[in-house]
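Structural description and commentary
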Amino acid sequence: MTQAPPLPTLAANKLPADPTPHRRPGRLRKALRRRWQLYLLVIPPLAYFVMFQYVPMANGIIAFKHYNVIEGIWGSDWAGLEYFERFFTNPMFTTVVSNTFLLSLYALIASFPIPIILALALNEIRGRFFKRTVQMVTYAPYFISTVIVVSMAILILSPRIGLISEVTGFFGLPATDYLAQPDFFRHVYVWTEVWQTAGYSAVIYLAALAGVDPALYEAAKVDGANRLQKIWHVDLPSITPTIVVVLILSVGSIMAVGFEKAFLLQNPLNLSQSEIIATYTYKLGIQNADFSLATAVGLFNSVINLVLLLVVNKVSKRVTGSGLW
Amino acid sequence: MIGVYILLVTFLLVVLLPLWYIVVSSVSSPGAVSAGRVFLWPVEFTLRGYEVALTNPKILSGFANSLFYTAVGTLLSVALTVMLAYPLSRADFVGRKVLTGAVVFTMLFAGGMIPTYLVVQATGMLDTRWAMIIPKAVAVWPAILAITYFRSAIPDDVREAGEIDGASDLRILWKLILPLATPMIAVIALMYAIGQWNSYFDALIYLRDDSLYPLQLVLRNILILNTDSGADAASALERQQLANLLKYSLIVISTVPMMLIYPFVARYFTKGLLLGAVKG
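For the structure given in this document, a descriptive report is provided here. (Residues numbered from 1 in each chain as written. Chains lettered and ligands numbered in written order. Predicted model: local features only at pLDDT ≥ 70, side-chain atom pairs only at ≥ 80, totals over all residues. Heavy atoms only, no water.)

**Describing the overall build of chain B**
- In terms of regular secondary structure, chain B is built from 13 helices and zero strands.
- For chain B, the succession of helices and strands along the chain, N to C, is α-α-α-α-α-α-α-α-α-α-α-α-α.
- Looking at the 280 residues of chain B, the share that counts as buried comes to 54%.
- Taking as baseline every contact in chain B between residues at least 6 positions apart, the subset at least 24 positions apart corresponds to 72%. (Helix = DSSP H or I, 4+ residues; strand = E, 2+ residues; numbered from the N terminus. Buried < 20%, exposed > 50% of the residue type's maximum accessible area, 1.4 Å probe, protein only. Contact = heavy atoms within 4.5 Å.)

**Details of the overall build of chain A**
- Of the regular secondary structure elements, chain A holds 17 helices and two strands.
- Across the 325 residues of chain A, 50% fall into the buried class.
- Pairs at least 24 apart in sequence give 62% of the contacts found in chain A among residues at least 6 apart.
- Surface accessibility of chain A: about 16400 Å² in total, with carbon and sulfur atoms responsible for 67%. (Areas by Shrake-Rupley, 256 points an atom, 1.4 Å probe, with all protein chains shown as cover.)

**Focus on helix H10 (residues 163–170) of chain A**
- Among the residues making up H10(A), those that are buried are Leu163(A), Ser165(A) and Thr168(A).
- In this fold, the buried residues of H10(A) make contact with helix H9 (146–157) of chain A together with helix H1 (2–26) of chain B.

**Considering the packing of aromatic side chains**
- Tallied over the entire structure, the rule returns 29 aromatic pairs over all chains.
- Taken together, a centroid distance of 4.2 Å and an interplanar angle of 25° make the contact between Tyr39(A) and Phe93(B) stacked. In this pair, Tyr39(A) is assigned in helix H3 (residues 36–59) and Phe93(B) in the loop between helix H4 (57–89) and helix H5 (96–108), connecting two distinct chains.
- A relative accessible area of 12% places Tyr39(A) in the buried class.
- The exposure class assigned to Phe93(B) is buried, which follows from its relative accessible area of 2%.
- Taken together, a centroid distance of 5.5 Å and an interplanar angle of 80° make the contact between Phe63(B) and Trp197(B) edge-to-face. On the criterion of sequence distance, the pair formed by Phe63(B) in helix H4 and Trp197(B) in helix H10 (residues 182–198) is long-range, its members being 134 residues apart.
- A relative accessible area of 2% means that Trp197(B) is categorised as buried.
- By the ring-pair criterion, three or more aromatic residues cluster together here, those being Phe64(A), Phe84(A), Phe87(A), Phe88(A), Phe93(A), Tyr280(A) and Phe300(A). (Phe/Tyr/Trp six-rings, centres within 6.5 Å; stacked < 30°, edge-to-face > 60°.)

**Considering the pattern of salt bridges**
- In the structure shown here, the tally under the stated rule is 16 salt bridges over all chains.
- Across the salt bridge formed by Arg90(B) and Asp92(B), the nearest N and O atoms sit 3.0 Å from each other.
- With a shortest N-O distance of 2.5 Å, Asp202(B) and Lys136(B) are connected by a salt bridge. Of this pair, Asp202(B) sits in helix H11 (residues 201–206) while Lys136(B) sits in the loop between helix H6 (113–122) and helix H7 (140–152); the two residues are 66 residues apart in sequence, bridging distant segments of the chain.
- For Asp202(B), a relative accessible area of 14% puts it in the buried group.
- Salt bridges linked by common partners bring Arg35(A), Arg90(B), Asp92(B), Asp156(B), Arg159(B), Glu163(B) and Asp169(B) together as one network. (Salt bridge = Lys/Arg side-chain N within 4 Å of Asp/Glu carboxyl O.)

**Overview of the interface of chain A and chain B**
- Contacts between the two partners involve 90 residues from chain A and, on the opposite side, 94 residues from chain B.
- Across the interface of chain A and chain B, roughly 8900 Å² is buried in total on both sides, 77% from carbon and sulfur atoms.
- Where chain A meets chain B, there are three salt bridges.
- In this structure, the salt-bridge partner of Glu163(B) is Arg35(A), at a minimum N-O distance of 3.0 Å. (Buried area = accessible area lost by both parts, 1.4 Å probe.)

**Looking at the side chain of Thr281(A)**
All names here are of chain A.
- Checked against the element boundaries, Thr281 lands in helix H16 (residues 277–287).
- Among the polar contacts made by the side chain of Thr281, one reaches the main-chain carbonyl oxygen of Ile277 at a distance of 2.6 Å.
- For Thr281, the residues in contact, after removing those within four places along its chain, are Ile286, Ala294, Val297 and Gly298. (Polar contact = N/O pair within 3.5 Å; in protein donor to acceptor, adjacent residues only side chain to side chain.)

**Topic: H10(B)**
Residue and element names in this part refer to chain B.
- Under the 1.5 Å per step criterion, the end-to-end length of H10 is 24 Å for 17 residues, consistent within 8% with the ideal 24 Å.
- A large share of H10 lies buried, amounting to twelve of its 17 residues.
- Looking at H10, one finds that the buried residues are Met184, Ala186, Val187, Ile188, Leu190, Met191, Tyr192, Ala193, Ile194, Gln196, Trp197 and Asn198. (Expected span 1.5 Å × (residues − 1).)

**Considering the environment of Val134(A)**
- Within the secondary structure layout, Val134(A) lies in helix H8 (residues 128–139).
- Judged by its relative accessible area of 0%, Val134(A) falls in the buried class.
- Residues Val134(A) and Leu122(A), spaced twelve residues apart in sequence, show a C-alpha to C-alpha distance of 8.2 Å.
- Look past the residues within four positions of Val134(A) in its chain and what remains in contact with it is Leu118(A), Leu122(A), Leu8(B) and Leu12(B).

**Observations regarding the packing of H4(B) against H10(B)**
Residues and elements named next belong to chain B.
- Relative orientation of the contacting elements H4 and H10 amounts to 140°, with a least axis distance of 8 Å. Judged by the inter-axis angle, H4 sits oblique to H10. H4 and H10 meet at a crossing whose hand is right-handed. Of the residues in H10, those in contact with Phe63, Ser66, Leu67, Tyr69, Thr70, Gly73, Thr74, Ser77, Val78, Thr81 and Val82 of H4 are Ile185, Ile188, Ala189, Tyr192, Ala193, Gln196 and Trp197.
- Grouping the amino acids of the contact of H4 with H10 by side-chain chemistry returns eleven nonpolar, seven polar and no charged. (Axes fitted to C-alpha atoms, helices over the stretch in contact; angles between N-to-C directions. Parallel < 35°, antiparallel > 145°, perpendicular 65-115°, else oblique. Left-handed = near helix turned anticlockwise from the far one by under 90°. Nonpolar A, V, L, I, M, F, W, Y, C, P; charged D, E, K, R; others polar.)

**Notes on the nonpolar core**
- Counting residues in each nonpolar core, the largest one holds 183 residues, and the members touching the most others are Tyr282(A), Leu8(B), Leu84(B) and Phe150(B).
- With 13 residues, the single largest contributor to this core is helix H11 (residues 182–210) of chain A.
- Once residues within four sequence positions are removed from consideration, Leu8(B) is found in contact with Leu118(A), Ala121(A), Leu122(A), Ile125(A), Phe130(A) and Val134(A).
- Of all hydrophobic cores here, the second largest spans six residues; its members include Ile248(A), Val251(A), Leu309(A) and Val312(A). (Core = buried A, V, L, I, M, F, W, Y, C linked by side-chain atoms within 4.5 Å.)

**Overview of the environment of Ala91(B)**
Residues and elements named next belong to chain B.
- On the secondary structure map, Ala91 appears in the loop between H4 and H5.
- Given a relative accessible area of 63%, Ala91 falls into the exposed group.
- Linking Ala91 and Arg151, residues 60 residues apart in sequence, is a C-alpha distance of 8.8 Å.

Below, the structure is given as structure tokens:
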């Protein structure tokens, strides 16, 4: 109220000839003058991105240096590719990389189709109450923290007091300590993940299904399609673009499997399958303070991740015609 | 059609049973839980686990810390996200393509754990409450959601009307755009709040002082590492049993705040995700 009316803006707007921006020098300066408040607004969030995203990227240089605290990041001596060599020749290399890869691949394959099936089934239901109940309930675990999901898994799988051993015990089977078996780690990881996220992921497909043109259903009906044929010929093709995007994003983050959960589910007995790149980086970097080596390992991971994403996007564009960009 | 119902009921039970088992165990007697006598209904009903959990000073301080981090963190994150997203949603904001690209790129390629740690260290935030809030203040996904929302759900006429009335860009955003964007704000606030409430990893890396620990890290120490049973005076057996009971109660307690918020925001959430999906 106390502010003077911003006359320049007003005046500029009254001009019918106000051109939609063309590429010419002075465009930015003009925009800065007219839209200075917007530029002011964007400074703090951009400062955040520079500080906590781009500076860390630049800090990645320590993977190529013998980082030490006294000399600092830029003052430390160059190490060339020494730390990468150390990682590649490390006996842990194969274990950690293949664990990461297998775990994410398994998670991807298991957690990808289930939300689609859930969404297609929900889409068939006409009764609002049942539909909403299923949706609300399957969605809820998404709100539970990883710490809690892991502790629930530990309690339920516990050989002495867990739900599972009670059930297997009922059938006369011996109690097993699942989390002490390396072979079991991946199953626990992946299926708790599915349990936690299936309902949430289904929402995206439900949204896509809600947008299907009713005329297509009419046409299918006229052609005498049954329920399954309708799902197969109308529903699935309609949500294919959404499926593709979700798939690309999942493949793109294949090497970025959740550190948090793997770390929580880890114990000395299952390390042979539960040690993944992220947990290994944490141990090297934070616990052993071997910053340069840990950064080299992390960088290796990020690069593979980026390459995977680019490749998948390219393939998808060629095959289905749609991609992320 | 029967098949569809069977499928959905299976989904329902698979999700519900573990949750129900935890709740039932949390109100059963420690002995019954340890003996495996609890399955679908409480045995020897007791609230002892809740009593122990809610009188443990570490749990209480963790709870308070988490409330603080969640409230302050969410407020800051939402504010910064809107400050970023609104200008980037405006067609007349010169440079928006470059800036959007720069923001989205951080989704594809990240500096990594140690290089980020070094920044946090250099800014002197290690072992302070700031470390829990600032380093992850803005996330790309909510920002994309907000940009899409501003661009597609709010008609440009609103802004033009404001400009004709002589309002500045800030005023238009504050008085006209934001009230219209309430559903989207609710969604991104919930996204950030869930993230904050559930995170333990930043605390693990950045905090030493356990009086600053958020609830999740306290829970991890009790539930997963078994380092603190919260029942010091009891006998060994009783302590062991109580420790187990405490775990079930703790799981319930720590999940309650999120479950309370969820129904209120759920309807917005579906809408917001829908918009995000349409864009994608």
